[in-house]
Amino acid sequence: MPNTLHPQQCLEVAIAAARAGGRHALLNRHRCHEVHQAFRHDVKLQLDLECQARVIEVIRAQFPNHAILGEEDEAAVAGMLAARQPAPTQIPAENIQWVVDPIDGTVNYYHGLPMWCCSVAMQVDGASVAGAVYAPEIDELYTATVDGPALLNGSPIHVSDERELSGAILLTGLSQKEGADYVSPSMVERLGHSVQKIRVLGSAALDMCRVARGHAEAYWEPAIYVWDMAAAGLIVERAGGRVSLLNRQDLRVSFMATNGHVHAALRALLPPL
Ligand code: LIP
């Protein structure tokens with residue numbers, strides 16, 4: 001990591017950026033049905049784009065030459081940024097990249113459910129150095145640096161001590177995206193027999209933060225994106241948990257995060273790579 005940058009400094013920017021994006025989504029809750037693009041099982045909102053623009057503004061104010069990877073359509077977001085300030089040319093500095101999901105749990109947000117968050121991570125050479133996951137509607141801010149503790153609203157968190165998969169809550173997502181690997185009915189049955197309960201809450205980043213705080217023992221989804229796990233995966237690790245990137249195709253990943261104790265048992269149940 002460039003010696004001019006310290007993880008805590010990057011975390012402070014990640015927190016400010018996640019708060020800016022999350023606050024914009026919260027203050028505009030009444031606009032949650034303004035659809036930018038609709039899909040059979042998913043939706044992209046105008047606020048997804050606007051929140052990503054808010055996040056980028058904060059990052060660029062501090063690090064104008066850092067690359068930024070966001071979930072939302074770059075051209076549409078750039079249009080908003082251009083309207084507010086000319087976007088400086090991005091010259092990635094030493095493989096530094098910020099990874100942003102402006103509203104993780106967009107469908108929850110659209111329907112008025114509170115389980116959504118803004119996720120911001122700073123990575124060097126693809127490894128997360130600092131991450132913030134902010135869920136404003138439930139007043140939860142999860143943070144971690146590569147050399148510091150995982151925190152929830154400033155207080156240390158730690159994964160659960162549950163050692164048996166049979167006593168575990170498994171969080172997952174039933175993405176029905178056409179062509180995506182999804183959790184098949186037979187897999188749901190197999191996992192359901194092995195854990196205490198399966199829960200589907202609709203936000204990958206928040207699911208992993210619940211593992212980090214010990215409210216669940218495991219999370220797995222076969223087809224999420226790097227922006228879903230860039231911050232939350234670091235938070236799980238710094239909370240004493242374990243993560244595995246099981247498969248990656250471009251920006252899509254199969255990813256699991258656990259309290260560590262149940263990691264091998266869960267991995268044995270998942271599809272072979
Ligand atoms: C969501 C993920 C969730 C997954 C959904 C969706 P988005 O991200 O957080 O785990 O099951 O299909 O991908 O689209 O709300 O940012």
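About the cut-offs
Residues numbered from 1 in each chain as written. Predicted model: local features only at pLDDT ≥ 70, side-chain atom pairs only at ≥ 80, totals over all residues. Heavy atoms only, no water. Domains from an automatic or database assignment. Contact = heavy atoms within 4.5 Å. Buried area = accessible area lost by both parts, 1.4 Å probe. Salt bridge = Lys/Arg side-chain N within 4 Å of Asp/Glu carboxyl O. Near = heavy atom within 4 Å. Polar contact = N/O pair within 3.5 Å; in protein donor to acceptor, adjacent residues only side chain to side chain. Areas by Shrake-Rupley, 256 points an atom, 1.4 Å probe, with all protein chains shown as cover. Helix = DSSP H or I, 4+ residues; strand = E, 2+ residues; numbered from the N terminus. Nonpolar A, V, L, I, M, F, W, Y, C, P; charged D, E, K, R; others polar.

> Give me the lowdown on the domain arrangement of the protein, citing residues and values where you can.
Domain boundaries in the protein define domain 1 (7-148) and domain 2 (165-269). Its C-alpha centre places domain 1 at a distance of 22 Å from the equivalent point of domain 2. Contacts between domain 1 and domain 2 engage 35 residues on the former and 22 residues on the latter. Buried area between domain 1 and domain 2, summed over both chains or domains, comes out near 2100 Å², and the portion from carbon and sulfur atoms is 64%. Considering only the side of domain 1, the residues that lose the most area to domain 2 are His41, Asp104 and Tyr142, jointly responsible for 24% of the buried surface there. Counting across the domain 1 and domain 2 interface gives one salt bridge. Across the salt bridge formed by Glu140 and Arg213, the nearest N and O atoms sit 3.1 Å from each other.

> Quick rundown of the site of the ligand? Include the residues and the values.
Around the ligand, the structure places 14 residues, and the nearest of them are Asp104, Gly105, Thr106, Ala204 and Glu221. Interatomic distance of 3.1 Å between a side-chain N/O atom of Asp101 and an oxygen atom of the ligand. Measuring from an oxygen atom of the ligand, one finds a side-chain N or O atom of Glu221 at 2.4 Å. Considering the ligand on its own, with 380 Å² of exposed area, one finds that the protein chains cover 89% of that surface. Broken down by element, the residue count for the shell around the ligand peaks at three residues, all from strand S4 (residues 96-104). Of the residues belonging to the shell around the ligand, the class tally is two nonpolar, six polar and six charged. Shared between two domains, the shell around the ligand takes at least three residues from each, and those domains are domain 1 (7-148) and domain 2 (165-269).

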